[in-house]
Amino acid sequence: MTPQDAAELIQQFLRLMEDRDLDAANALMADDAEIIFPGGKRFTSQAEMVAASKGRYQWVKKHFDRVEAFASADDTLTVYVMGTLYGVNKHGVEFDSIRFIDRFTLRDGLITSQQVWNDLAESNVLTQTH
């Protein structure tokens, strides 16, 4: 797998997650993948992460501004995705332009880790009621 292949796989994975096609998304992940979200929240599956997000927003999606991928000497591929989040919070209020960075590592064509950073909490968009 080339860095370009890895970047395309990650973009596919993120679209599957937006569509909540968890079975297809999980097929791209190693069995022991590590998922870390803001605040140090750790998950063992995408289904667990989605369940923990319920009650925070109705839906959220990503605008990709930049995708960078590179290979390491140990045959690990790393992909960074940077952009902004948009969606609707649990109160029905739309939001946009919330910064995010996702960092993925891949080995043997599967995602072995996903680390997520974003400004959702700092922006207060999740608590806005109008």
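As a starting point, this report considers the structure included with it. (Residues numbered from 1 in each chain as written. Predicted model: local features only at pLDDT ≥ 70, side-chain atom pairs only at ≥ 80, totals over all residues. Heavy atoms only, no water.)

## Re the pattern of salt bridges
With the rule as written, the count across this model stands at six salt bridges. When the shortest N-O distance is used, the salt bridge between aspartate 102 and lysine 62 registers 2.3 Å. Separated by 40 residues along the polypeptide, aspartate 102 in strand β5 (residues 94–107) and lysine 62 in strand β3 (residues 57–71) bring together distant segments of the chain. The class for aspartate 102 is buried, based on a relative accessible area of 0%. Taking the shortest distance from any N to any O, the salt bridge between arginine 99 and aspartate 119 comes out at 2.6 Å. Pair noted here: arginine 99 is in strand β5 and aspartate 119 is in the loop between β6 (110–118) and α4 (120–123), with a separation of 20 residues, a long-range link. (Salt bridge = Lys/Arg side-chain N within 4 Å of Asp/Glu carboxyl O. Helix = DSSP H or I, 4+ residues; strand = E, 2+ residues; numbered from the N terminus. Buried < 20%, exposed > 50% of the residue type's maximum accessible area, 1.4 Å probe, protein only.)

## Here's the deal with the layout of surface pockets
Volume-wise, the largest pocket comes out at about 480 Å³. Mapped onto the lining of the largest pocket, the elements with two or more residues apiece are α1 (3–18), β2 (41–43), α3 (46–53), β3, β5, β6 and α4. Here the residues of the lining of the largest pocket are counted per class, giving 14 nonpolar, four polar and eight charged. (1 Å grid on protein atoms, 1.4 Å probe; cavity = no way out; pocket = protein on both sides within 12 Å on 5 of 7 lines; lining within 4 Å. Points joined across faces, edges and corners; volume = space filled by probe spheres on them. Nonpolar A, V, L, I, M, F, W, Y, C, P; charged D, E, K, R; others polar.)

## Quick look at the pairing of β5
Here strand β4 (residues 77–89) pairs with β5 via 11 bridges, running antiparallel. When the bridges of β5 are listed, methionine 82 appears paired with isoleucine 101. Hairpin connection from β4 to β5: four residues lie between these consecutive antiparallel strands, with glycine 92 at a positive phi of about 90°. If you look at the hairpin formed by β5 and β6, you'll find two residues sitting between the two strands, and aspartate 108 has a positive phi there, around 55°. (Pairing = 2+ DSSP bridges.)

## What to know about the side chain of aspartate 102
Separated by 2.3 Å, the side chains of aspartate 102 and lysine 62 make a polar contact. Setting aside residues no more than four positions away along its own chain, aspartate 102 makes contact with Leu14, Lys62, Val79, Tyr80, Val81, Gln114, Gln115 and Val116. (Polar contact = N/O pair within 3.5 Å; in protein donor to acceptor, adjacent residues only side chain to side chain. Contact = heavy atoms within 4.5 Å.)

## Side note on the packing of aromatic side chains
All told, the structure shown has four aromatic pairs when counted by the stated rule. On the numbers, 5.7 Å between centres and 80° between planes, the contact of phenylalanine 13 with phenylalanine 104 is edge-to-face. Here phenylalanine 13 is found in helix α1, whereas its partner phenylalanine 104 is found in strand β5, with 91 residues between them in sequence. The class of phenylalanine 13 is buried, set by a relative accessible area of 0%. (Phe/Tyr/Trp six-rings, centres within 6.5 Å; stacked < 30°, edge-to-face > 60°.)

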